[in-house]
Amino acid sequence: MIVHLPPYISVMQLGNTVNFKNRDDITHHIYSPIGDNKFSYKINAGQSESKSDFQQTGEVAMGCNIHDWMSGYLLNITGLLASVPLECTPTKLLI
């Protein structure tokens with residue numbers, strides 16, 4: 001059983017894409033309900049969903065509406081990610 005959205009905390013540059021991939025055999029409902037970066041995706045088993053329209057820098061708290069114990073955070077920043085090679089983008093969050 002996966003107990004969070006690995007990695008638990010991800011950092012990305014504003015304007016990049018996040019790919020949510022469901023590796024489980026059940027549906028997940030990934031969401032962030034607050035602020036300009038809010039979203040909501042139902043992702044079926046083996047499927048994925050992408051989001052590239054984050055509007056603001058800052059923290060995006062995420063959860064699964066179906067599985068309350070699953071959570072994660074995305075930090076949107078501007079500027080360079082000095083310690084992250086370019087091939088690490090877009091960000092991939094595996095469920």
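To be clear, the structure that these remarks concern was listed above.
Scoring rules and cut-offs
Residues numbered from 1 in each chain as written. Predicted model: local features only at pLDDT ≥ 70, side-chain atom pairs only at ≥ 80, totals over all residues. Heavy atoms only, no water. Pairing = 2+ DSSP bridges. Helix = DSSP H or I, 4+ residues; strand = E, 2+ residues; numbered from the N terminus. Axes fitted to C-alpha atoms, helices over the stretch in contact; angles between N-to-C directions. Phe/Tyr/Trp six-rings, centres within 6.5 Å; stacked < 30°, edge-to-face > 60°. Buried < 20%, exposed > 50% of the residue type's maximum accessible area, 1.4 Å probe, protein only.

Visitor: Let's hear about the sheet that holds strand β1 (residues 9-13): which residues, and what values?
Guide: Spatially, the five strands line up as an open sheet ordered β1-β7-β6-β3-β4, and their pairing is mixed. With partners counted over all chains shown, the strands left at the sheet margins are β1 and β4 (39-43), one partner each. In this sheet, adjacent strand axes meet at a mean angle of 20 degrees when their direction is disregarded. Relative to strand β7 (residues 71-77), strand β6 (residues 58-64) is paired through six bridges, and the arrangement is antiparallel. Across the sheet, residue G58 finds its bridge partner in β7, namely N76.

Visitor: For the packing of aromatic side chains, give the residues involved together with the corresponding values.
Guide: This model, assessed by the stated rule, comprises four aromatic pairs. With 6.2 Å between their ring centres and 50 degrees between their planes, F20 and Y41 make a pair best called tilted. Linking F20 in strand β2 (residues 18-21) with Y41 in strand β4, this pair joins segments that are 21 residues apart in sequence. Per residue, the accessibility class of F20 equals that of Y41, and both read buried. Clustering of aromatic rings is evident, with ring pairs tying together F20, F39, Y41 and F54.

Just geometry here; none of it tells us what the structure is for.
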